[in-house]
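Summary of structural features
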Amino acid sequence: MSMITPPPDPATVEVIQEAAQVDPGTLTAVEAAELGLTPAAKPRSMLRRGWEVFAENRLALTSVVLVVLIAGFCYIGPLIYHTNQVNTNLANYLCRPSAAHPLGCNDVGYDQLGRLMVGGQTSLEVGLAAAIVAVLIGTLYGALSGFIGGSVDSFMMRVVDAGLSLPYIMVIIILSVIFHPSTITMIFIIAVFYWLGVARLVRGETLTLRTREYVQAVKVLGGNRSRAITRHIVPNAIGTIIVQATFAVADSILILSGLGFLGYGIQAPATDWGSMLSNGVTYLQSADYWWLIYPPGIAIILTCIAFNFIGDALRDAFETRLQRR
Amino acid sequence: MLLVLFLVTLFTLLLVRLLPGGPIRALVGPRATVAQIAYYNQLYGFDQPIYVQYGKWVWQLLQGNFGYSVKLNQSVVSLIANKLPKTIILVALGLMVSLILGIPLGIYQAVRRYTVGDYVLTGISFLGYATPTFFFSLLLIQWFAIDIPLFPPFAPTGDTVAQVLSQPKALVLPVTAYAFLLYALWSRFMRSSVMDNLVQDYVRTARAKGASERRVLWGHIFRNSLISIVTLLGLSLPSLVAGAVFVEVVFNYPGMGLAFVTAAGNVDYQVLLGITVVTAVATVFGNLLADVGYAVLDPRVRYS
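Read on for a plain summary of the structure. Within every chain, residues take consecutive numbers counted from 1 along the sequence as written. The naming scheme follows written order: chains are lettered A onward, ligands numbered 1 onward. With pLDDT at 70 or above as the cut-off, local features in this predicted model cover only qualifying residues; side-chain atom pairs require 80 or more to be listed or tallied, and sums for whole chains, interfaces and linings still use all residues.

To continue, consider the overall build of chain A. What counts as a helix is a DSSP run of H or I of at least four residues, what counts as a strand is a run of E of at least two, and both are numbered from the N terminus. Within chain A one finds 14 helices and zero strands. Along chain A, helices (α) and strands (β) appear in the sequence α-α-α-α-α-α-α-α-α-α-α-α-α-α when read from the amino end. Contact between residues is assigned whenever the C-beta positions, reconstructed from backbone atoms, fall within 7 Å. Across chain A, contacts joining residues at least 24 apart in sequence account for 70% of those joining residues at least 6 apart.

As structure tokens, then:
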């Protein structure tokens, strides 16, 4: 990794300015170099430095490529490989993989390969959307709580404690019984519990950030609370937030698949990888219907591993103390 | 603490109260008339304001009355008393196995980081994170109960704890499935925790004073990393419950998780309420216990 150039110190800047004033235009780059004055490099931003650390991690880069490929498979795939994923066709009942159906068919005659694409769309959409909703709510709640402090913070955090003490799987099951399971309701049902953990983390981050000089300076300069939170605290906690969001995607996909197994997931004819898998595992013990089980299972595992690797690498990238300087 | 308990019970009641049609509709069925439902609502006090209901409910809880499941023709307390010990067996065994494997292997990974062994174990942990528990459980059944019939494909049968414990062979697969996810959690955490501690000043001091590597690792680093495991243990109680739910459903293990999922299918109002509130309150106390354990293990932490 290249060395990070420190920002120019004020004295150097003054010398450059003086030189420029005395004899403008004659100080060439060569002369400047002779005087020991190098043009000041623009200090690299946190995101840029983070990216450099991230890009060094080959495993993480492979994971990004993998996620892009999976997304391409799910969204571009159906444009090339047309299948009917709405009407059942019992003539194709559990047909074996063949040229017409590379991954065979399931128990109501849907083409497995096409279904893997459609199901993947749901899994990815629910995973991403639930992560975004949870992280947005959690970040704002946590930042507000940590920034206000005092008894308000204390109460807001007890609410989070209580929420985190509820057995989330039971809460999610009850919520799925209450609300008709669809893509949209699934997103909110998963986000309802996931924002709590994010709120706690961001609040911790805020507590350390709000005593920093630059946040104090906002107050002195007359900036209001929302400015301090949205312009200073959240951007500085963004590392923690993005890492959490990445893990949240993997977790949401897993929770959705678990709900599918219990029968509270996405309802047919729509599907997700988890519902496909739980549909397939009913044939696990009876015969060798591998195409019903392994494709969706491997799809879930690959996607979740990829997001976990990306999250790990992002954490390394944003943890400045781990960066070699 | 009291505030958290209050909020936990309140959230639980409000959540279960949101179930479609309310408790009476779930009980008397879809053909009941509005008048009949109103009659039973009044009889059981479901027409009263929520804070009155909350007060009465908590008062009953404190007296050990968790309600009665008409669907099971059994009081919720006796149901929980029957199922909870079995879930505790599963959770305790799974925790034990995963900690015994996860802590030493996590330390090994940190000491021998970026070697082949570390990469292989990292791969296994990530698999543990990414595999849905139900899928892994079913694969275990397929591989080790059907393809190679080593273990029975179902959990121990029987009503009492003694009967469950008398079938250790049937416990192997459920406990393995349960421990896999937890193993990933502990070993991953241990690895990063030990790596953090390896560069601390106190380790350098210990080495400078001539302590052997073995002593540095087990006397200093291990103790410090263990402290954070205790906190993590407290925080992951809800995940322990979630894992137990799926393992119990797959293996038909007669514990709380299976009882809960069955109750959710039947919309068995009192059972859902009872199991959720017991689990939630247990989690609150588990967190408290973790805090106390933290203070015991770490002399720097003192709660005033």
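The discussion continues.
Taken together, the 34 residues of chain A in the interface contact 39 residues of chain B. For the side of chain A that touches chain B, the secondary structure elements donating two or more residues are α7 (150-165), α8 (168-178), α12 (238-262), α13 (273-281) and α14 (290-318) of chain A. Ranked by residue count, the leading element in the side of chain A that touches chain B is α8 of chain A, at eight residues. Among the residues forming the side of chain A that touches chain B, the class breakdown is 24 nonpolar, eight polar and two charged. The classification used treats Ala, Val, Leu, Ile, Met, Phe, Trp, Tyr, Cys and Pro as nonpolar, Asp, Glu, Lys and Arg as charged, and all other residues, Gly among them, as polar.

Nonpolar side chains tend to gather and get buried jointly when the protein is soluble and globular. Buried Ala, Val, Leu, Ile, Met, Phe, Trp, Tyr and Cys residues form a nonpolar core when they are connected through C-beta atoms within 7 Å. Exposed residues have 12 or fewer other C-beta atoms within 10 Å of their own C-beta, buried residues have 20 or more, and partly exposed residues fall in between, where C-beta atoms are placed from the backbone. One finds I172, I190 and C304 of chain A together with F260 and L272 of chain B to be the most contacted residues of the largest nonpolar core, which totals 153 residues. Apart from residues no more than four positions distant in its own chain, I172 of chain A is found in contact with I189, I190, F193, I255 and L259 of chain A.

Okay, the environment of N65 of chain B next. With respect to the helices and strands, the residue N65 of chain B is situated in the loop between α4 (50-62) and β1 (68-69). Sequence spacing of N65 of chain B and G22 of chain B is 43 residues, and the spatial spacing of their C-alpha atoms is 20 Å.

Helix-helix packing: each pair is described by the crossing angle between the helix axes and the interaxial distance. Residues and elements named next belong to chain B. Note on definitions: angles span 0 to 180 degrees between N-to-C directions of axes, and those axes are lines fitted to C-alpha atoms, for helices only across the stretch in contact. One can describe the packing of helix α10 (residues 201-208) onto helix α11 (residues 213-235) by two numbers: an axis separation of 11 Å at closest approach and a directional angle of 145°. Between α10 and α11 the crossing geometry is right-handed. Within the contact between the two elements, α10 uses Y202, V203, A206 and R207 and α11 uses V216, H220 and I221. Tallied by class, the residues present in the contact of α10 with α11 amount to five nonpolar, one polar and one charged. Note: crossing handedness is left-handed where the near helix turns anticlockwise from the far helix by less than a right angle, and right-handed where it turns clockwise.

This part is about the packing of α12 of chain A against α13 of chain A. All names here are of chain A. Running from N to C, α12 and α13 point in directions that differ by 40°, and their axes come no closer than 7 Å. Considering how the two elements wind past one another, α12 and α13 form a crossing that is right-handed. Judged by residue contacts, L256, S257, G258, L259, G260 and F261 of α12 engage W273, G274, S275, L277 and S278 from α13. Its residues assigned to classes, the contact of α12 with α13 shows five nonpolar, six polar and no charged.

Honestly, it's all geometry; don't read function into it.
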